[in-house]
Amino acid sequence: SDHPPHRWQGQYIKPHGDKHKGIDEKDLRTSACSEKTWNPNEEIGQCFGLGDVKKVASGSAKECMMACCEDEKCGAWQWNKELGCFYGGGMHSCQGEGDPIKFEPFIGRRKHLDSRQYKDKHGKPWQMAMS
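These remarks concern the structure in this document.

Points about the state of the cysteines
Moving on, step 1. One pass over the full model with this rule turns up four disulfides.
Moving on, step 2. Here Cys-33 connects covalently by a disulfide to Cys-69, the sulfurs 1.9 Å from one another. Residues Cys-33 and Cys-69 are joined through a disulfide that is left-handed, its torsion about the S-S bond being -90°. Taken together, the residues Cys-33 in the loop between α1 (25-32) and α2 (61-70) and Cys-69 in helix α2 connect sequence positions 36 residues apart.
Moving on, step 3. By relative accessible area, which is 25% here, Cys-33 ends up partly exposed.
Moving on, step 4. Each sulfur in the disulfide pair Cys-68 and Cys-74 lies 1.8 Å from the other. In this structure, the disulfide formed by Cys-68 and Cys-74 twists by about -90° around the S-S bond and is classed as left-handed.
Moving on, step 5. Taken in N- to C-terminal order, the disulfide-linked cysteines of the chain are connected 1-5, 2-8, 3-7, 4-6.

And the structure:
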């Protein structure tokens with residue numbers, strides 16, 4: 001695709017490994033399920049293990065969070081503008097870790113980085129011209 005991926009929004013509502021070490025499960029759930037204290041940007045890269053899309057809660061990140069919080073078995077949720085809402089007992093293998101390069105637009109099927117020097121097959125400097 002020539003379009004950058006949309007960031008995900010998501011959050012654990014049950015403690016997960018070192019990320020929530022020492023945090024009481026009830027306190028975390030209370031905080032993560034409150035519109036005043038939730039953090040939808042805790043996990044902005046795609047995570048796995050949440051199961052199928054929950055179409056009834058796919059309108060917004062807030063809607064997705066609320067649906068997850070209403071399910072006592074839910075431990076984490078994620079929402080994406082293009083793909084919708086996903087939630088389940090937990091998530092794993094989260095991608096992106098907030099790296100802005102992963103969300104940069106593509107140029108010519110390759111992500112262009114100013115810090116990278118591009119060379120042709122003969123070792124001469126090369127610059128892509130956009131038409």
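Quick word on the pairing of strand β3 (residues 84-88)
Moving on, step 1. Most of β3 is tucked away: five of the five residues are buried.
Moving on, step 2. Pairing between strand β2 (residues 76-80) and β3: five bridges, direction antiparallel. Of the residues in β3, the one forming a bridge with Ala-76 is Gly-88.
Moving on, step 3. What sits between the antiparallel neighbours β2 and β3 is a turn of three residues.

Some words on the side chain of Asn-80
Moving on, step 1. Relative to the helices and strands, Asn-80 resides in strand β2.
Moving on, step 2. A polar contact is formed between the side chain of Asn-80 and the backbone nitrogen of Leu-83, at a distance of 3.1 Å.
Moving on, step 3. Sequence-distant contacts of Asn-80, that is, excluding residues within four places in its chain, are made with His-6, Arg-7 and Trp-8.

Cut-off values and rules
- Residue numbers here run from 1 along each chain, matching the order of that chain's written sequence.
- Local features are withheld for residues below a pLDDT of 70 in this predicted model, meaning they are given only at 70 or higher, and side-chain atom pairs are given and counted only at 80 or more; totals for whole chains, interfaces and linings count all residues.
- Side-chain measures were taken over the full set of non-hydrogen atoms in the model, leaving aside hydrogen atoms and water.
- Cysteine sulfur atoms that come within 2.5 Å of each other are treated as a disulfide pair.
- The secondary structure listing takes helices from DSSP runs of H or I that are at least 4 residues long and strands from runs of E that are at least 2 residues long, numbered from the N terminus.
- Only protein chains enter the area calculation, which uses a 1.4 Å probe; residues under 20% of their type maximum are buried, those over 50% are exposed, and those in between are partly exposed.
- Should DSSP find at least two bridges between two strands, the strands are regarded as paired.
- Counted as a polar contact is a pair of N or O atoms within 3.5 Å, where, for protein atoms, one must be capable of donating a hydrogen and the other of accepting one, and residues adjacent in sequence contribute only when both atoms are in side chains.
- Working rule for contacts: check all heavy atoms of both residues, and any pair within 4.5 Å makes them a contact.

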